[in-house]
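# Secondary and tertiary structure notes
Okay, here's what each chain looks like letter by letter:
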Amino acid sequence: MRTRERWAYLIRTPKIALAAVALGRYSFTYDWMPVTVRGMSCRSRRNLLCAGLNLLYRRARPWNWPLHMQIELTSYCNLRCPVCPVGTRDLARGPVAIDVGRFESLMSEVGPYLLTLSLWAWGEPLLHPDLDEILGITRRYPAATLLSTNGQNLDQARILEALEKNPPTYLIVAVDGLCDETNSLYRRGARLAPLLEGVEALADWKRRTGSRLPVLHCRFLAMKHNEHEIPELRDFAGRHGFEMVSIRGLSIIDSSDEAHTALLTEDERWRAYAYRKGLRVRRDDFICQHPFSFPTVLADGTVVACEQDFNGSRAFGSFSSDRSFRSIWFSPEAAAIRRVIRQDPNQFSFCSRCPYVDREGSSCSLEAYVLRPIRI
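For every chain, the first residue of its written sequence is number 1, and the numbers climb from 1 along that sequence. In view of the model being predicted, local features appear only for residues whose pLDDT reaches at least 70, and side-chain atom pairs are presented and counted only at 80 or more, with totals across whole chains, interfaces and linings using the full set of residues. Only hydrogens and water are set aside; all other atoms, that is, all heavy atoms of the structure, feed into the side-chain values.

### Topic: the nonpolar core
What counts, and what does not: We call a set of buried residues a nonpolar core when its members are Ala, Val, Leu, Ile, Met, Phe, Trp, Tyr or Cys and they connect through side-chain atoms within 4.5 Å of each other. Accessibility here uses a 1.4 Å probe with only protein chains present; expressed as a share of the type maximum, an area under 20% marks a residue as buried, one over 50% as exposed, and anything in between as partly exposed. Counting from the N terminus, the helices are DSSP H or I runs at least four residues long and the strands are E runs at least two residues long.
By size, the foremost hydrophobic cluster in this structure holds 72 residues, and its most contacted members are Ile71, Phe103 and Phe325. It is helix α7 (residues 192–209) that provides the largest number of residues to this core, a total of six residues. In terms of nonpolar packing, the next biggest core, distinct from the first, is built from 23 residues, Ala20, Tyr30, Leu115 and Ala144 among them.

Here it is as structure tokens:
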């Protein structure tokens, strides 16, 4: 979050408080995606107000539970993308899918407070063997559920059945090229056919049943080898049943700038960062909120301040049957990590290489288009 965005949010706090406290409803935009959370309980309304206060103070021991959470369903993937820690073999954790019982216990603690739940991190979520149970658990809570996938098994009957039975709010499908040749230059090992067949099947099912969800979201990562396809993107997405399109610039992760420099677009509009003389322009107006309201839980139960700590090098703790999320979130260990991130974040490599710091705005997407009316 940029300094100006922080103050804009604080100025809007009375209006947000009125809608949330009086009506139990909160509408906002999350990375260009319109979201409305309804039926907020009294404790979730109170938590939203506490989080607003903590946005001002950023207490090492926050007053609030998380508003947003990222849960990694699997730590393995069927592709080998060149700047992802799975693809580059920098992920030191073993391949594991989150245990359904652990997921259910975690949601029973945190689910009532969440506004959004992102069901991915570094692995491919649709590879989880019990996806239908995972999605069924999320439907018990009012949070908007976001599921991002490379779509390589989206055409499978088991996957489609799970998505139709308990649809997430948004199904975000990575399409990084409008033909197999372009798409596979980054999504190494990917084919367009299974993801397009899956999206078209879901779009047809939505038309037949009148279901509002999932919103079918095409996410395009702009790079040097595919930027020439951007003018055709909206038409391509519309033909295949997508309801929304967003375009992202390539972000860094906890690795060197050289790892992705060759992929940068020629057109500066599609770059995540500004560059001067070939070097990324650094900014100093970023205020990190992840450890205070938006943690990540890795597939093995490790709780980290941010998904960029992909190996859990500075973990808050490990969630298990023997340790609650509450005891981790409000722990002295978590407070100590928050103090470092608040005061001297460059002590941590994942902070010094943070993909959010040098962006102009908080959103990871640069542009987005709604192709069909979205009803959340």
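### With respect to helix α8 (residues 230–239)
Spelled out, the test is: The directions considered for the arc run from the helix axis to the C-beta atoms. Should any heavy atoms of two residues lie within 4.5 Å, those residues are counted as being in contact.
Turning to α8, its buried residues are Ile230, Leu233, Phe236 and Ala237. Down the axis of α8, the buried set is contained in an arc of 95°. They therefore lie on one face. Those residues of α8 that are exposed and aimed more than 90 degrees away from the buried face are Pro231, Asp235 and Arg239. Where α8 is buried, its residues meet α7, β7 (215–222) and β8 (244–249).

### A short note on the pairing of β8
One face of the sheet, then the other: side chains in a regular strand alternate in exactly this way. Rules: When DSSP locates at least two bridges between a pair of strands, those strands are taken to pair. Throughout, right-handed denotes a crossover for which the path from the first strand over the helix to the second runs clockwise when the strands point away from the viewer.
In terms of residue burial, β8 counts as a mostly covered element, since five of its six residues are buried. Pairing analysis gives six bridges linking β7 to β8, with the strands arranged parallel. If you follow histidine 217 over to β8, its bridge partner there is methionine 244. Crossover β7 to β8 through α8 is right-handed. As paired strands, β8 and strand β14 (residues 365–370) are joined by five bridges and run antiparallel to one another. Its bridge partner being in β14, serine 246 is matched across the sheet by alanine 368.

### What about the side chain of asparagine 226?
The line we're drawing: Polar contact is the term for a pair of N or O atoms within 3.5 Å; when the atoms are in protein, one must be able to donate a hydrogen and the other to accept it, and sequence-neighboring residues count only if both atoms are side-chain atoms.
Of note, asparagine 226 is situated in the loop between β7 and α8. Looking at asparagine 226, its side chain comes within polar contact range of the main-chain oxygen of aspartate 176, at 2.9 Å. Contact partners of asparagine 226, with chain neighbours within four places excluded, come to Asp176, Thr182, Phe220 and Leu221.

### Focus: a positive patch on the surface
Note the threshold: For patch detection, residues must exceed 30% relative accessible area and be free of salt bridges, and they are connected within 9 Å for like charges or within 5 Å for nonpolar side chains (Val, Leu, Ile, Met, Phe, Trp, Tyr). What sets the accessible areas is the Shrake-Rupley method with a 1.4 Å probe; for residues, cover comes only from the shown protein chains. Just to be clear on terms, a salt bridge is a Lys or Arg side-chain nitrogen sitting within 4 Å of an Asp or Glu carboxyl oxygen. Charge assignment in this entry is limited to Lys and Arg as positive and Asp and Glu as negative, and neither His nor the chain termini are counted. Here the site of a charge means NZ on Lys, CZ on Arg, CG on Asp, or CD on Glu.
Residues Arg25, Arg38, Arg139, Arg212 and Arg375 make up a contiguous surface patch of positive charge. In this structure arginine 25 comes out as partly exposed when scored by relative accessible area, which is 38%.

### Comments concerning the packing of helix α5 (residues 157–165) against α7
Put simply, the rule is: The axes are straight lines fitted to the C-alpha atoms, using for helices just the contacting stretch, and the angles between their N-to-C directions are given from 0 to 180°. By convention the crossing between two helices is left-handed if the near helix lies anticlockwise of the far one by an angle smaller than a right angle, and right-handed if it lies clockwise. Put simply, Ala, Val, Leu, Ile, Met, Phe, Trp, Tyr, Cys and Pro go in the nonpolar bin, Asp, Glu, Lys and Arg in the charged bin, and everything else, Gly too, in the polar bin.
One can describe the packing of α5 onto α7 by two numbers: an axis separation of 11 Å at closest approach and a directional angle of 35°. Of the two elements, α5 crosses α7, and the hand of that crossing is right-handed. Of α7, the residues touching α5 (which contributes Leu160, Leu163 and Glu164) are Gly198, Ala201, Leu202 and Trp205. The residue inventory of the contact of α5 with α7, partitioned by class, reads five nonpolar, one polar and one charged.

### What to know about the environment of arginine 323
As for its position among the elements, arginine 323 is in the loop between β13 (317–318) and α11 (325–329). Using a relative accessible area of 27% as the deciding quantity, one classes arginine 323 as partly exposed. When sequence neighbours within four positions are dropped, the list of residues in contact with arginine 323 reads Phe316, Gly317, Ser318, Ile328, Ser331 and Glu333. A polar contact of 3.4 Å, which involves the side chain of arginine 323, links it to the side chain of serine 327.

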